[in-house]
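# Reading the structure
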Amino acid sequence: GRRMCPLGWLAVATLCLGTLWAVPAEDRSRRAAKPKADPSLYENLDLNNYELTSDNYGEILDLSNYEELYDYGDLVPKVEVGTLAPRPKDPQTLLDLGETTAGTPKPQPPSRETPKVQPPIPGQGLPSCPPCLCLGSSVYCDDAGLERLPALPPHTAYLYARFNRIRALRRGDFAGLEKLKRIDLSSNSISWAEAGALRGLPGLRELLLPENLLTALPELPAGIVRLDARRNRIGSAGLRPEAFRDLKQLQFLHLSDNQLDFIPVPLPESLRSLHLQNNNIQTMHEDTFCDSHEQGHIRRELEDIRLDGNPINLSLFPNAFSCLPRLPTGRF
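So, here's what we can say about the structure. A quick note: this is a predicted structure, and the numbers were derived from the prediction, not measured. Along every chain, residues carry numbers that run from 1 in the direction the sequence is written. Predicted model: local features are reported for residues with pLDDT of at least 70 only, side-chain atom pairs are reported and counted for 80 or more only, and whole-chain, interface and lining totals are derived from all residues. With hydrogens and water set aside, each side-chain value is computed from the structure's full complement of heavy atoms.

## Comments concerning the overall build of the protein
In terms of helices and strands, the protein carries 4 helices and 12 strands. Exposure categories follow from relative accessible area, calculated using a 1.4 Å probe and restricted to protein chains: below 20% of the type maximum is buried, above 50% is exposed, and the middle band is partly exposed. When burial is assessed residue by residue, the protein has 35% of its 332 residues classed as buried. Every residue pair with non-hydrogen atoms within 4.5 Å of one another is taken to be in contact. Pairs at least 24 apart in sequence give 44% of the contacts found in the protein among residues at least 6 apart. Accessibility throughout is a Shrake-Rupley quantity obtained with a 1.4 Å probe, and a residue counts as covered only by protein chains that appear here. Taken as a whole, the protein presents about 22000 Å² of accessible surface, with 53% of it coming from carbon and sulfur. Numbering of helices and strands runs from the N terminus; a helix is a DSSP stretch of H or I covering at least four residues, while a strand is a stretch of E covering at least two.

Right, dumping it as structure tokens:
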């Protein structure tokens, strides 16, 4: 009997070990399943709207837009490119940039802020024309506190001097700038223009003067394509007789939000867009847009006419726009 005891204990131990190994092998899924929680623990929680089943899983947890949850653009510095270049507050900053970039620039960590000045080419600094910034043939004088235009490089083709306090256009402002194509003086305090201020600009194509204090339009170069003088104080007396007749390349004439009481005729055949909304126009002639002596004439270019915000009733003048491809926008 004493000899059999060790063997008995060995059999019992073997049986116990077999039981331990057999349980996970026989029912792994039962161990993997989470035990059900006691409902009494969540009596104060309202989970009706968050019941998760196999039917509504996609509605409650939508991972299809997971990539949008993280903005990968923050990992790289953002660089904006546009017509509005930042103006350095201190012109000496530009010179320092040219000196410090002569060697190999040190790598900078990614930043979420847009750099105020575009990095110059190694060994070269950005050309400066204080208080403006010159980039190629473009000159940027935006928001510089200017009361009059400074001297500009003779090769200037595009001038941006927006958001300043410029009060007038003088003849000397554009002297010698024969390559000038665009002048943008939006949001200044310009109330008058000296006679012939724009006369020596044969290459001028765009003149942008919105949001100023003009009461009269200056004499325009013959090659002008776009004139924007919205939101000024221009009355009909401020337009020269037949001011736009000889502008054979004029396509965009925007004079909305002024004090005009008639449509400035004759309008060149090249015109495509005429914005005169929010003025005081009350009447028009039969030949305002169409030639009453030429039957069957269709003025195909002029497709955009805005006359809304005027007291005129367009239905009283049907012959005035019978040759247009589209009816003017306004009150009928």
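## Brief notes about empty space enclosed by the protein
Here a cavity denotes a set of grid points, spaced 1 Å apart and computed over the protein atoms alone, in which a 1.4 Å probe fits but from which it cannot get out, and a pocket denotes an open set meeting protein on both sides within 12 Å along at least five of seven lines; residues with an atom within 4 Å of a point are reported as lining. Grid points are joined across faces, edges and corners, and a volume is the space filled by probe spheres set on the points. For the structure shown, the criterion picks out 1 cavity of 30 Å³ or more. Taken as a whole, the largest cavity holds about 50 Å³ of empty space. In this structure, the largest cavity is lined by Leu-217, Pro-218, Leu-220, Leu-239, Arg-240, Ala-243 and Phe-244. In the scheme used here, Gly and all other residues not listed as nonpolar or charged are polar, with Ala, Val, Leu, Ile, Met, Phe, Trp, Tyr, Cys and Pro taken as nonpolar and Asp, Glu, Lys and Arg as charged. For the lining of the largest cavity, the class distribution of residues is 6 nonpolar, no polar and 1 charged.

## Some words on the pattern of salt bridges
Whenever a carboxyl oxygen of Asp or Glu lies within 4 Å of a side-chain nitrogen of Lys or Arg, that contact is scored as a salt bridge. A full pass over the atoms with the stated rule returns 11 salt bridges. Measuring nitrogen to oxygen at the nearest pair gives 3.7 Å for the salt bridge that ties Arg-148 to Asp-173. With Arg-148 in the loop between β3 (138-140) and β4 (158-160) and Asp-173 in the loop between β5 (168-169) and β6 (182-184), the pair connects residues that are 25 residues apart, well separated along the chain. Given the relative accessible area of 47%, Arg-148 is considered partly exposed.

## A look at the nonpolar core
Nonpolar side chains in soluble globular proteins tend to end up buried together. To form a nonpolar core, buried Ala, Val, Leu, Ile, Met, Phe, Trp, Tyr and Cys residues must be joined to one another through side-chain atoms within 4.5 Å. Grouped together as the largest cluster of nonpolar side chains are 58 residues, with contacts concentrated most on Phe-174, Ile-183, Phe-244, Met-284 and Phe-289. Aside from chain neighbours lying at most four places away, what touches Phe-289 is Ile-263, Leu-267, Leu-274, Met-284, Arg-299, Leu-302, Ile-305, Ala-320, Phe-321, Cys-323 and Leu-324.

## Things to note about the state of the cysteines
Two cysteine sulfurs form a disulfide in these notes if their separation is within 2.5 Å. Counted under the stated rule, the structure contains 3 disulfides. In this model Cys-129 forms its disulfide with Cys-134; the gap between the sulfur atoms is 1.9 Å. Here the S-S torsion is close to 110°, and the disulfide linking Cys-129 with Cys-134 is therefore right-handed. Paired by a disulfide, Cys-132 and Cys-141 hold their sulfur atoms 1.9 Å apart. Its torsion about the S-S bond being 105°, the disulfide of Cys-132 and Cys-141 is classed as right-handed. Here Cys-132 and Cys-141 have matching classes, each one buried. Disulfide connectivity for the protein, with bonded cysteines indexed by sequence position, reads 1-3, 2-4, 5-6.

## Things to note about the environment of Glu-303
Inspection of the secondary structure puts Glu-303 in the loop between β11 (273-275) and β12 (304-306). Note: C-alpha distance between Glu-303 and Leu-324 (21 residues apart in sequence) is 7.1 Å. Not counting the four nearest positions on each side in its chain, Glu-303 is found in contact with Arg-272, Pro-325 and Arg-326.

## Let's talk about unusual backbone geometry
Pro-131 follows Pro-130 through a cis peptide bond whose omega is 5°. The residue Pro-131 is located in the loop between β1 (128-129) and β2 (132-135) in this model. Each neighbour pair has its own omega, and for Val-265 with Pro-266 the value is -5°, a cis peptide bond. As for its placement among the helices and strands, Pro-266 is situated in the loop between β10 (252-254) and β11. With a phi close to 60°, Phe-163 is a non-glycine residue in the positive phi region.

## Overview of the packing of aromatic side chains
Ring pairs are drawn from Phe, Tyr and Trp, using the six-membered ring of Trp, whenever the two centres fall within 6.5 Å, and their geometry is named by plane angle: stacked under 30 degrees, edge-to-face over 60, tilted for the rest. One pass over the structure, following the stated rule, counts 2 aromatic pairs. The interplanar angle of 5° and the centroid separation of 5.2 Å between the aromatic rings of Tyr-140 and Tyr-160 together place this pair among those described as stacked. In this pair, Tyr-140 is assigned in strand β3 and Tyr-160 in strand β4, connecting sequence segments 20 residues apart. For the residue pair Tyr-140 and Tyr-160, the accessibility class agrees, reading buried in each case.

## Some words on the side chain of Asn-258
Tracing the sequence through the fold places Asn-258 in the loop between β10 and β11. By relative accessible area, Asn-258 is classed as buried at 8%. Two N or O atoms count as a polar contact when they lie within 3.5 Å, although within protein this holds only if one can serve as hydrogen donor and the other as acceptor, and sequence-adjacent residues are included solely when both atoms are side-chain atoms. In terms of polar contacts, Asn-258 uses its side chain to reach the backbone amide nitrogen of Asn-232, at 3.3 Å. Here Leu-255 takes part through its backbone oxygen, which lies 3.1 Å from a polar atom of the side chain of Asn-258. Excluding residues within four positions of it along the chain, Asn-258 makes contact with Ala-229, Arg-230, Arg-231, Asn-232, Arg-233, Ile-234, Asn-278 and Asn-279.

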